[in-house]
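Analysis of the macromolecular model
Single-letter residue listing:
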Amino acid sequence: AGVAAAIRIIRRRNIHVPPQPLPADFPVTPKDVVDAAKRVRPHVHRTPVLTCHGLDELAGRSLKFKCEVFQRTGSFKIRGATNAALQAPENAPLVTHSSGNHAQALALAARSTNREAHVVMPRTAPAVKRAAVAGYGAHITLCEPTNKARAEAAQKKTEEVQGYFVHPSNEPRVISGQGSVAVEFLEQCSDLDALVVPVGGGGLIGGIAVYAKWKRPSLKIIGAEPKNVDDAYRSKQKGELVGHDDRDSVADGLKTLLGSNTWPVVRDLVDEIITVEESEIKKATALIWGRMKLCIEPSAGVGVACVLSEAFRARYPADEYGTVGVILCGGNLDLAK
């Protein structure tokens with residue numbers, strides 16, 4: 001009880017706690033994230049942090065929105081893709097599989113480093129994302145909308161073109177690059193009590209957690225996940241990595257699974273995963289459209305749904321967690337749906 005009280009005092013008074021060492025066996029270190037942030041800085045936008053009085057009233061606390069919706073290619077993914085591309089073997093084509101956001105990011109990163117890009121996409125990927133990937137010059141291969149089909153097609157393509165495979169979330173250089181979101185956010189907002197991050201493959205929350213828990217040990221890191229595809233939640237509950245069947249979600253960018261590199265970080269550094277229903281995701285997404293006039297995609301709406309949920313209110317009361325950051329991870333919305 002004494003330790004918990006001390007942490008609450010530290011949070012409220014913003015008392016400085018020195019950076020803390022993390023487990024040595026993690027695939028990514030805080031230094032990797034700091035180095036990645038410096039490496040990608042010339043190639044990405046420093047995205048703004050916005051607020052909304054109406055949403056603060058609904059949440060009963062101050063919300064700070066890190067707007068990766070304004071990032072190049074429309075999502076945070078350009079950070080990790082660029083960090084990987086800048087360190088890939090010289091002249092090697094880049095290969096990946098992605099439902100869209102990482103695909104666009106890798107296509108642009110490849111073009112920026114004068115490489116070919118080959119992207120395996122599920123045939124159900126939003127048309128707007130497929131068009132953007134093609135627009136950046138990548139070669140697209142369509143596959144069935146299952147994780148197994150994506151992985152097999154990407155492996156075949158990598159062998160065919162003798163390319164360098166860049167996993168959307170499990171590649172350490174991708175994880176480090178995504179962590180640059182936290183480097184910026186903690187510079188922009190020094191008073192955060194908790195940070196809510198959407199969870200799919202875990203690259204974003206993995207990079208953020210590695211840096212944030214080192215820099216600000218008292219900061220709560222909460223993952224937000226669709227209940228329909230809740231492998232991260234169930235893995236945390238069980239204490240071991242589990243998968244999910246190929247169920248669907250309106251948050252198409254979060255249907256991927258945690259991997260061998262992202263799971264240890266989620267297991268050890270993420271405080272909790274909170275799941276939200278499809279109806280909550282749709283409502284929260286529309287709320288951001290209407291109140292903030294930001295065209296976020298449903299994957300970004302998952303974090304908003306989480307912070308407005310009864311589960312979040314119960315576990316993180318506003319008198320202890322008065323300022324909460326939310327990552328609006330992307331805005332590549334298929335307006336035809």
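Notes on the structure in this doc start here. (Residues numbered from 1 in each chain as written. Predicted model: local features only at pLDDT ≥ 70, side-chain atom pairs only at ≥ 80, totals over all residues. Heavy atoms only, no water.)

A short note on the sheet that holds strand β2 (residues 62–67)
The sheet built from six strands is open, its strands ordered β1-β2-β10-β7-β8-β9 with mixed pairing. The sheet is open, and its two edges are formed by β1 (49–50) and β9 (272–276), each paired on a single side. As paired strands, β2 and strand β10 (residues 323–328) are joined by six bridges and run parallel to one another. Bridge pairing links Ser 62 to Thr 323 in β10. The sheet strands contacting helix α9 (residues 180–188) are β1, β2, β7 (194–198) and β10, and the helix crosses β2 at an angle near 140°. Helix α13 (residues 278–292) rests against β1, β2, β8 (220–226) and β9 of the sheet, and its axis sits at about 90° to β9. (Pairing = 2+ DSSP bridges. Helix = DSSP H or I, 4+ residues; strand = E, 2+ residues; numbered from the N terminus. Contact = heavy atoms within 4.5 Å. Axes fitted to C-alpha atoms, helices over the stretch in contact; angles between N-to-C directions.)

Quick look at the sheet that holds strand β3 (residues 94–97)
Across the sheet, four strands lie side by side as β5-β4-β3-β6; this open sheet has parallel pairing. Looking at strand neighbours, the two that pair on one side only are β5 (139–143) and β6 (164–165), the edges of this open sheet. Here β3 pairs with strand β4 (residues 117–122) via four bridges, running parallel. Residue pairing in the sheet places Leu 94 in a bridge with Ala 117 of β4. Taken strand by strand, helix α7 (residues 147–161) contacts β3, β4, β5 and β6, and its axis lies near 170° from that of β3.

Points about the environment of Val 324
For Val 324, the position within the fold is in strand β10. Sequence separation between Val 324 and Glu 277 is 47 residues; the distance between their C-alpha atoms is 21 Å. Once residues within four sequence positions are removed from consideration, Val 324 is found in contact with Arg 61, Ser 62, Leu 63, Lys 64, Leu 192, Ala 194, Val 196, Val 307 and Phe 312.

What about the environment of Asp 56?
Structurally, Asp 56 can be placed in helix α3 (residues 53–59). Residues Asp 56 and Arg 130, spaced 74 residues apart in sequence, show a C-alpha to C-alpha distance of 35 Å. Among residues more than four places away in sequence, those in contact with Asp 56 are Arg 61, Ser 62 and Leu 63. At 2.9 Å, the side chain of Asp 56 forms a polar contact with the backbone nitrogen of Leu 63. (Polar contact = N/O pair within 3.5 Å; in protein donor to acceptor, adjacent residues only side chain to side chain.)

Describing the nonpolar core
Phe 65, Val 196, Ile 208, Ile 221, Phe 312 and Ile 327 are the most contacted members of the largest nonpolar core, which totals 70 residues. Setting aside residues up to four positions removed in sequence, Ile 327 forms contacts with Lys 66, Val 181, Phe 185, Leu 195, Val 196, Val 197, Pro 198, Leu 204, Ile 208 and Ala 300. (Core = buried A, V, L, I, M, F, W, Y, C linked by side-chain atoms within 4.5 Å. Buried < 20%, exposed > 50% of the residue type's maximum accessible area, 1.4 Å probe, protein only.)

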